[in-house]
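Chain and residue survey
Residues per chain are reported as follows:
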Amino acid sequence: MKRVAAVDLGASSGRVMAGTVGPGVLRVEEVRRFPNGGVRAGPALYWDILGLYRETLAGIREAGRLDGVGIDSWAVDYGLLDERGALLGNPVHYRDARTDGVPESVAAVVSARSLYDVTGLQQLPFNTLYQLVSEGDRLETASTLLLIPDLLNYWLTGAIGAERTNASTTQLYDVRARTWAASLASKVGIPPRLLPPLRDPGTVVGTADELSGLPVVAVGSHDTASAVVAVPASPGTNFAYISSGTWSLAGLELPAPELGDAALAANFTNEGGVDGTIRFLRNVMGLWVLSETLRTWSCPEELPSLLAAAAASPPLAAVVDIDAPEFLPPGDMPARLTAACRATGQRPPSGRAAVVRCIVDSLAMAHRRTIRTAAALTGRSVDVIHLVGGGARNELLCQSTADACGVPVLAGPVEAAALGNVLVQARALGEDLPDLAAMRELVRETQEIRRYEPSGTADWAAAEARLRG
Ligand code: ADP
Ligand code: LRH
């Protein structure tokens, strides 16, 4: 039996969970949860990285006796270290506007096709490559780049390295060779010396002096990689997954990257998973639009009652393309939804319940489009969708996703990323969990999962046509 702490830092909240793993046993309990999000200071949007480190340390100390700790977080963002190992500037939030226009300038140097050939990554304006290019001359004073979990691991242990699943989200990683794409980095003006040695999930990074020598284990440090470890898929099923939180990461698990022209045109990503798997998925804008709407209305605590009211409003009265770029930056989402409805000739939702219904329907519609495209691009069929993460608590979203996609949705676990983190640590520390199938079986046997059948009550195909205007 092992007892480990999983530090899971999401864009909306961070948590330290204590996990117990043994034969037939998988339990996680929340030790500490703390809010996370952007901090605007002057012209820039930052993360409160020192606050996150402080909360992480406090949570691990609160967890009691432990055999290890592992950290996962949202992807792409980083800190730069100087040659002394001190942090050069506060990590910038991926929703900051500093990369506006950068993808276009990079495209003039490296074509989208050759970028995709090497990295297999979805074009998102905030990919680490674009963020680094936007730093300009500042890169000259830096000696090392550390992604967020690697930065916290470094502060805990003094060890420098880049965990592979998160490295695969930078657009500086060669998805086939499984090395840094050093010549691509040079071509776009990023010094390859910044890129630290790669490490695999499941390796021990070092020990934390501040925590009485506790072993620190590299997990799938990209939160989505950890979440997909804990997708409770049964062997032999044709499953898709949606890791539903701030983003909806919707797609398939593949044994090898899919880098064809159609995948490039559909802007699908090939991220590296635990045990050499590939996550072939698209970033769908996610529950961010809903949480930002509630922030605009100053009523984040009213989420459950607003969802209940939305469930009682008519479905598909208005749907928008939730993946449109205007929904990426922070701001007044209800106003943006109104504009998007008008632009497609639809009557904008009136009243809060209708606005929430419009967001949930639009998100379910994007799930439909993305899962169907993933299936078509790979020639696979999808018989069931596993929806994990905070969105599994949203019954309206789960039911609407089953309805939109026309297949059952199995919702849960809610804390999938923490569970995947705990499982990979437990294996690294000697528990008998030989492969992903064994880990998923343990999740299936021990965690609460709820099934939603497609109800067939609304015409999603007609609404999809309307969305195009
Ligand atoms: P992240 O890891 O990206 O921060 P989470 O997986 O923690 O995201 O999911 C957060 C989302 O879960 C919230 O934005 C919210 O929409 C949803 N959520 C949390 N609690 C509830 C609840 N009680 N009912 C419905 N949805 C919820
Ligand atoms: C989800 C996530 C996602 C990334 C985004 C930046 O938390 O890691 O996989 O694309 O954050």
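Residues numbered from 1 in each chain as written. Chains lettered and ligands numbered in written order. Predicted model: local features only at pLDDT ≥ 70, side-chain atom pairs only at ≥ 80, totals over all residues.

1. With respect to the overall build of the chain
What counts is decided by this rule: Each helix is a run of H or I in the DSSP string that is no shorter than four residues. Each strand is a run of E no shorter than two, and both are numbered from the N terminus. For the radius of gyration, the atom set is restricted to C-alpha positions; the globular benchmark scales as 2.2 Å times the number of residues to the power 0.38. Buried means a residue has 20 or more other C-beta atoms within 10 Å of its own C-beta, exposed means 12 or fewer, and partly exposed covers the counts in between; C-beta atoms are placed from the backbone. Any two residues are considered in contact once their C-beta atoms, placed from the backbone, lie within 7 Å.
Helix and strand content of the chain: 17 helices and 21 strands. Computed over its C-alpha atoms, the radius of gyration of the chain comes to 21 Å, within 12% of the 23 Å expected for a compact globule of 469 residues. Reported as C-alpha extents along the three principal axes, the dimensions of the chain are approximately 60 × 55 × 45 Å. Within the span of the chain, comprising 469 residues, buried residues form 51% of the whole. Sequence separation of at least 24 residues holds for 75% of the intrachain contacts in the chain that already meet a minimum separation of 6.

2. Thoughts on the site of ligand 2
In plain terms, the rule: Residues are classed as near a molecule or strand if the C-beta position derived from their backbone is within 6 Å of it. Polar here means any residue outside two lists: the nonpolar Ala, Val, Leu, Ile, Met, Phe, Trp, Tyr, Cys and Pro, and the charged Asp, Glu, Lys and Arg; Gly therefore counts as polar. Each domain span listed reflects an automatic or database assignment of domains.
Taken together, 14 residues are adjacent to ligand 2, and Trp 74, Ala 75, Asp 223, Thr 224 and Trp 247 come closest. Looking at side-chain class alone, the shell around ligand 2 contains seven nonpolar, six polar and one charged residues. Counting residues domain by domain, the shell around ligand 2 receives three or more from each of domain 1 (2-221) and domain 2 (229-412 + 449-468).

3. Some details on the site of ligand 1
The environment of ligand 1 is formed by 17 residues, the closest being Gly 10, Ser 12, Gly 245, Thr 246 and Gly 390. For the shell around ligand 1, the elements supplying multiple residues, two or more each, are α10 (288-296) and α11 (303-311). With three residues, α11 is the largest single contributor of residues to the shell around ligand 1. Here the shell around ligand 1 is built from residues that sort into six nonpolar, ten polar and one charged. Residue contributions to the shell around ligand 1 reach at least three from each of two domains, namely domain 1 (2-221) and domain 2 (229-412 + 449-468).

4. What to know about the sheet that holds strand β16 (residues 248-254)
Here is the rule we go by: A pair of strands is considered paired only if DSSP assigns at least 2 bridges between the two. In this analysis an axis means a line fitted to C-alpha atoms, helices contributing only their contacting stretch, and an angle means the value between N-to-C directions, from 0 to 180 degrees.
Sheet architecture is open: seven strands sit in the order β17-β18-β16-β15-β19-β20-β21, paired in mixed fashion. Of all strands in the sheet, those bounded by a partner on one side alone are β17 (269-272) and β21 (450-452). Each strand axis lies, on average, 30° off the axis of its neighbour in the sheet, ignoring direction. Sheet topology note: the strand β15 (residues 239-244)/β16 ladder contains four bridges and is antiparallel. Pairing of Ser 244 across the sheet is with Ser 248, part of β16. Sheet strands touched by helix α13 (residues 352-378): β15, β16, β18 (278-284) and β19 (384-388). Its angle to β16, the strand with the most contacts, is close to 20°.

5. Looking at the UniProt feature "domain: Carbohydrate kinase FGGY N-terminal" (unreviewed entry) in the chain
Applied cut-off: UniProt positions are given in the numbering used here, feature names are shortened, and annotations may be inferred rather than shown by experiment.
When the UniProt feature table is mapped to this numbering, "domain: Carbohydrate kinase FGGY N-terminal" (unreviewed entry) covers residues 66-229. From the first C-alpha to the last, residues 66-229 spans 22 Å; its make-up is 30% helix and 19% strand.

6. Notes on the environment of Ala 354
Assignment of secondary structure puts Ala 354 in helix α13. Accessibility expressed as a C-beta count within 10 Å gives 18 for Ala 354, which makes it partly exposed. Every residue in contact with Ala 354, bar those within four places of it in the chain, is listed here: Ser 313, Ala 317 and Pro 349.

7. With respect to the domain arrangement of the chain
Under the domain assignment used here, the chain contains domain 1 (2-221) and domain 2 (229-412 + 449-468). Between the C-alpha centres of domain 1 and domain 2 there is a distance of 25 Å. Breaking the side of domain 1 that touches domain 2 down by element, the ones donating at least two residues are α3 (112-119) and α6 (164-167). Considering each element in turn, the side of domain 1 that touches domain 2 owes the most residues, four residues, to α3. The class makeup of the residues in the side of domain 1 that touches domain 2 is eight nonpolar, ten polar and five charged.

8. Here's the deal with the pairing of β18
Of all seven residues in β18, seven are buried, a share of seventy percent or more. Here β18 shows two buried faces, one formed by Ile 278, Phe 280, Arg 282 and Val 284 and the other by Arg 279, Leu 281 and Asn 283. Two strands pair when backbone bridges link them, and β16 and β18 are joined in this way by seven bridges, in the antiparallel orientation. By the bridge assignment for β18, Leu 249 is matched with Asn 283. Bridge count for β17 against β18 is four bridges, and the pairing is antiparallel. The residue bridging Asn 270 from the neighbouring strand is Phe 280, located in β18. The hairpin formed by β17 and β18 contains five residues between the paired strands, and Asp 275 there has a positive phi angle of roughly 60°.

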